[in-house]
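Spelled out from the first residue to the last, the chains are:
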Amino acid sequence: MDPEPDPESVARAILLRQLTGAPRSRRQLEDALARKGVDEALGARLLDRFTEVGLIDDAEYAQMLVRSQVASRSLARRALVQELRRKGIADEHAEEALAQVDDESEEAAARELLRRRWRSGPGVDPQVQARRAMAMLGRKGYSSGLSSRLVREMVDHTDRGLDEHGADAD
């Protein structure tokens, strides 16, 4: 008969398995341990040790998360704040990570996203297109002021027969 597995070994295996797939925040790992019924004190001790040796680094995780979410999903700072909170990142680490996204880069990302998603031509109602574009930018966390300004610009360009870069579409 096999002896009962050592709780510390089980907890360590859970943490390593979680970290193998992708980086995780300390809170995500705490939650994973709690779901598996690991003693809270044992979990905290192991998480502290993993942090000491650099396997858990919430500051670096926040930086990586912001970079990847901006690049892959074109999220604005407001949506990134929610994402970081959901992952359990402390405010100080979140602020440092969000510093990489300034107003100019956020506007450029919104403009590029809008350009990629904009549909014009026969049969496309500009009002419907504008409403959909506003909703899409809002879901990505862009402010209504920035969104409405960019959508107005896009509608103006479309109405004047210009492409999304301001050049003659013909």
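These figures come from a predicted structure and were not determined experimentally.

Criteria and cut-off values
- Residues numbered from 1 in each chain as written.
- Predicted model: local features only at pLDDT ≥ 70, side-chain atom pairs only at ≥ 80, totals over all residues.
- Heavy atoms only, no water.
- Helix = DSSP H or I, 4+ residues; strand = E, 2+ residues; numbered from the N terminus.
- Rg over C-alpha atoms; globule rule 2.2 N^0.38 Å.
- Buried < 20%, exposed > 50% of the residue type's maximum accessible area, 1.4 Å probe, protein only.
- Axes fitted to C-alpha atoms, helices over the stretch in contact; angles between N-to-C directions.
- Left-handed = near helix turned anticlockwise from the far one by under 90°.
- Contact = heavy atoms within 4.5 Å.
- Nonpolar A, V, L, I, M, F, W, Y, C, P; charged D, E, K, R; others polar.
- Patch = residues over 30% accessible without salt bridge, like charges linked within 9 Å, V, L, I, M, F, W, Y side chains within 5 Å.
- Areas by Shrake-Rupley, 256 points an atom, 1.4 Å probe, with all protein chains shown as cover.
- Salt bridge = Lys/Arg side-chain N within 4 Å of Asp/Glu carboxyl O.
- Lys, Arg positive; Asp, Glu negative; His and termini not counted.
- Charge placed at Lys NZ, Arg CZ, Asp CG, Glu CD.
- Expected span 1.5 Å × (residues − 1).
- Polar contact = N/O pair within 3.5 Å; in protein donor to acceptor, adjacent residues only side chain to side chain.

**Student:** I would appreciate a short explanation of the overall build of the protein in the present structure.
**Tutor:** Each helix and strand counted, the protein has 9 helices and 0 strands in total. Element order for the protein, N to C, with α for helix and β for strand: α-α-α-α-α-α-α-α-α. The C-alpha atoms of the protein give 23 Å as radius of gyration, which overshoots the globular expectation for 170 residues (15 Å, by more than 25%). Taken along the three principal axes of its C-alpha coordinates, the protein extends 80 × 35 × 25 Å. Evaluated residue by residue, the protein yields a buried proportion of 34% over its 170 residues.

**Student:** In this structure, what is going on with the packing of helix α8 (residues 126-139) against helix α9 (residues 144-159)? I would like to understand it.
**Tutor:** Between two packed helices, the angle of one axis relative to the other and the distance separating the axes together describe the packing. Running from amino to carboxyl end, α8 crosses α9 at an angle of 145°, the nearest separation of the two axes being 10 Å. In this structure, α8 meets α9 at a crossing whose hand is right-handed. Of the residues in α9, those touching α8 at Ala130, Ala133, Met134 and Leu137 are Ser144, Ser147, Ser148, Val151 and Val155. For the contact of α8 with α9, the per-class residue count stands at 6 nonpolar, 3 polar and no charged.

**Student:** Any chance you could explain a nonpolar patch on the surface here in plain terms?
**Tutor:** Residues Leu16, Val53 and Leu55 make up a contiguous nonpolar surface patch of about 250 Å² in total accessible area. Examined against the element boundaries, leucine 55 turns out to sit in the loop between α3 (40-52) and α4 (58-73).

**Student:** Is there a simple way to think about a positive patch on the surface in this case?
**Tutor:** A contiguous patch of positive charge, built from Arg116, Arg117, Arg119 and Arg139, is present on the exposed surface. By the secondary structure assignment, arginine 119 is in the loop between α7 (103-117) and α8.

**Student:** Could you clarify how one ought to interpret the pattern of salt bridges in this entry?
**Tutor:** Oppositely charged side chains can form a pair if their charged atoms are brought close together. Scanning all chains against the criterion turns up 16 salt bridges. Between glutamate 107 and arginine 111 there is a salt bridge; the shortest N-O distance is 2.6 Å. With glutamate 107 and arginine 111 both in helix α7 and 4 residues apart, this pair spans about one turn of that helix. Exposure remark for glutamate 107: the relative accessible area of 22% places this residue in the partly exposed category. For glutamate 153, the salt bridge identified is with arginine 111, shortest N-O distance 2.5 Å.

**Student:** Help me understand α9 in this model?
**Tutor:** A turn of α-helix holds 3.6 residues, and therefore any two residues three or four places apart point the same way. Taking 1.5 Å per residue as the helical rise, α9 with its 16 residues ought to reach 22 Å, and the 22 Å between its terminal C-alpha atoms agrees with that figure. Buried-residue contacts for α9 involve α7 and α8.

**Student:** What am I meant to see in the environment of aspartate 159 here?
**Tutor:** Along the chain, aspartate 159 turns up in helix α9. Sequence-wise, aspartate 159 and valine 70 are 89 residues apart; in three dimensions their C-alpha atoms are separated by 30 Å.

**Student:** Which parts of the structure should I look at to understand the side chain of aspartate 58?
**Tutor:** Of note, aspartate 58 is situated in helix α4. We note that aspartate 58 is buried and unpaired, the nearest opposite charge coming from arginine 26 at a distance of 6.5 Å. From its side chain, aspartate 58 meets the backbone nitrogen of arginine 26 in a polar contact 2.9 Å long. The contact partners of aspartate 58, leaving out residues within four places of it in the chain, are Arg24, Ser25, Arg26, Gly88, Ile89 and His93.

**Student:** Which parts of the structure should I look at to understand α3?
**Tutor:** The end-to-end C-alpha separation of α3 is 18 Å, in line with the 18 Å expected for 13 residues at 1.5 Å each. Residues of α3 that are buried make contact with α1 (7-21) and α2 (26-35). Here α3 starts with a cap whose side-chain oxygen sits 3.2 Å from the backbone nitrogen of alanine 41, and that cap is aspartate 39. Phi turns positive one or two residues past the end of α3, at glycine 54, with a value near 90°.

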